[in-house]
Amino acid sequence: MSVDFLNVSIRYGTDREVLKGVTFALAEGAICYLTGDSGSGKTSLIRSMFLAKHPFSGVIRLFDEDVTQLSRAQKLEMRREIGIVFQDFRLIDHLNVYDNIALPLRLRNESEKAIAQQMEQALELLRLTDQRYAFPPTLSGGQQQLVAIARAVIHTPSLVLADEPTGNVDIHMAERIMQIFHRFPKLFKSTVVIATHSYSLIRDHPAPIVQLANGRAEVRQISDLR
Amino acid sequence: MSKHHSVDYTIPLMRDRSSRLLGIVIGFMVYIATLTSVAAIMLVNISGAWSHSLAGRVTVILPAPDATFLSDSDASSEARAEAARQRGQSLNELVTMLERTEGVASVNVVTNSELSELVRPWFGEESDAAINNLPVPQLISLRLERTTTVTQEQLLAIATVTHPDARVNAHQLWRARIVSLTGALGWLSGSVLVIIAGVSAVLVSYATRTTLGTQERIISVLDVLGAPDAYVVDRFRVWAQRACIYGTVYGLGLAALTALIIMWRTGNPEVDILTEAVPHWTQLVLLFLPALATALIAQFTASYTVRQLLLSRDES
């Protein structure tokens, strides 16, 4: 299994648990949505998947490895196998599009020649070739999100996480972004988890759903939703 | 070197205002530390010179003969001559005994003309007459060997054999006071340097935290991308290193300028105190140690602070 949650509970400080006994598993190359109302724990679940939030109890296994006991250095190493996209893009403003996207590869000390090859494919795939020297503040929200997606997948991660990736883009760009995410399992054999509350996009691009409600998770299909 | 290898590539630390602040802070600390060291070295030099000049000097004082006898017009000239002869004889005996004393390098009876020179500032042209007419004590100047073990009490015991009312001035008390004062000032300088080191560490830690705060957004992105802590720590270490180079250059330069101004303003050609105090070139090398220590403290503190703050991100 690529992602395996077993009875995972998450809480902040001494507050009540945001998630209680969440159990689900995602196979390699699977794509699924994470849905639920605001405050239902979508972001907490995503954060625990990229090892930024330690579970209060339970076991999280990524790529068949228990990640709840990893040291910080091991967590950082594991994170390099994960691509993450946020609603607010989180690009580095003083780096141009090319350098933003190439950053994960440079952190892995890959050669500039190898980086250039992978960059050409990524820029072409996301149709960002013309913007390669542009700086993020000069781009539209949709273009910035495309750059963020390119940065998340440039190193062909085993797991791609997206936290409300269409939250700050128009409907046409949202549609395009969903199409792109749905290509990743085939292109990179990546497991993709998209947190969203846009049921219209889910209906247009169907995939299994992990629905969060009252701190519990339930795996559903689109046909189960209203 | 390509731009992405630059320390400023991902985290623009050099463009951060607090980076200039760190350089200024380090420069100020280097400035104070260097001046403190200069002062300490000069004190050691002065005290060494003074201590050395006092160390081997002892003065035996033989009180003047009874003044009433000298001025007694009834005393016969034969009696006076006899008294003078006896004084001369006992003086010679004492000089011989002192010369034979182990550890005494030389014995010099201060002559009337030398005494006259000593009192000339007070009596002027009348100094010769004053020496001849006033009951001035007889002085014997001793120079002791550097490794002597002879004590002031032993010399006094020898002197009182021929002159029961003799006194010995060994300057030891002054020397001991100078050594004691120098030691105290040395500790004071050391304490100041330790305080400077502590304050430097606190200020660098504060500047590092401030800079981490301003760069938090980028650092969180690097964290999400799985950048090793060493990557971020190294950027801050180099940042602190550059601030140290900048701060050390201007701190040392300013300290040198201040030292020169002080020497120029306080220098007195008639008093060679500053000549004795000026650090030797081998001591000048020591002046780079506070700057080096400040730089190392700054780098270590910046690295340590960043590492600890990154670890604290890893919430449980």
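Just above, that's the structure.
Below is a short write-up of the structure. Keep in mind it's a predicted model, so treat the numbers as computed, not measured.

1. Side note on the packing of aromatic side chains
Residues and elements named next belong to chain A.
- For the structure on display, the rule yields 7 aromatic pairs over all chains.
- With a centroid separation of 5.8 Å and an interplanar angle of 90 degrees, the aromatic rings of Phe181 and Phe184 are classed as edge-to-face. With a gap of 3 residues between them, Phe181 and Phe184 both fall in helix 6 (residues 171–188), about one helical turn apart.
- Phe184 sits in the buried class, given a relative accessible area of 0%.
- Of note, Arg90 hangs over the ring of Phe86, and the distance from its end group to the ring centre comes to 3.8 Å.

2. Comments concerning the interface of chain A and chain B
- Counting from both sides, the interface comprises 26 residues of chain A and, opposite them, 26 residues of chain B.
- Counting each side, the surface lost to burial between chain A and chain B is near 2300 Å², with a carbon and sulfur contribution of 55%.
- Ranking the residues of chain A by area buried against chain B places Arg72, His94 and Leu107 of chain A at the top, with a combined share of 31%.
- Inspection of the region where chain A meets chain B yields 3 salt bridges.
- Across the salt bridge formed by Arg79 of chain A and Asp223 of chain B, the nearest N and O atoms sit 3.2 Å from each other.
- Inspection of the chain A/chain B interface yields 7 residue pairs in polar contact (both at pLDDT 80 or more).
- Taken together, the elements giving at least two residues each to the side of chain A that touches chain B come down to helix 2 (72–79) and helix 3 (97–107) of chain A.
- The element contributing the most residues to the side of chain A that touches chain B is helix 3 of chain A, with 5 residues.
- Of the residues in the side of chain A that touches chain B, the class split is 11 nonpolar, 3 polar and 12 charged.

3. Overview of the pattern of salt bridges
- Across all of its chains, the model carries 13 salt bridges over all chains by this definition.
- For Glu112 of chain A, the salt bridge goes to Arg106 of chain A, with nearest N and O atoms at 2.9 Å.
- Note that Glu120 of chain A is salt-bridged to Arg132 of chain A, the shortest N-O span being 2.8 Å. Highlighted residues: Glu120 of chain A in helix 4 (residues 112–125) and Arg132 of chain A in the loop between helix 4 and helix 5 (141–153), separated in sequence by 12 residues.
- Relative accessible area serves as the criterion here: at 33%, Glu120 of chain A is assigned to the partly exposed category.
- Here the salt bridges share partners, and the residues they tie into one network are Arg72 and Arg79 of chain A together with Asp223 and Asp229 of chain B.

Scoring rules and cut-offs
- Residues numbered from 1 in each chain as written.
- Chains lettered and ligands numbered in written order.
- Predicted model: local features only at pLDDT ≥ 70, side-chain atom pairs only at ≥ 80, totals over all residues.
- Heavy atoms only, no water.
- Phe/Tyr/Trp six-rings, centres within 6.5 Å; stacked < 30°, edge-to-face > 60°.
- Helix = DSSP H or I, 4+ residues; strand = E, 2+ residues; numbered from the N terminus.
- Buried < 20%, exposed > 50% of the residue type's maximum accessible area, 1.4 Å probe, protein only.
- Lys NZ or Arg CZ within 6 Å of the ring centre and 35° of its normal.
- Contact = heavy atoms within 4.5 Å.
- Buried area = accessible area lost by both parts, 1.4 Å probe.
- Salt bridge = Lys/Arg side-chain N within 4 Å of Asp/Glu carboxyl O.
- Polar contact = N/O pair within 3.5 Å; in protein donor to acceptor, adjacent residues only side chain to side chain.
- Nonpolar A, V, L, I, M, F, W, Y, C, P; charged D, E, K, R; others polar.

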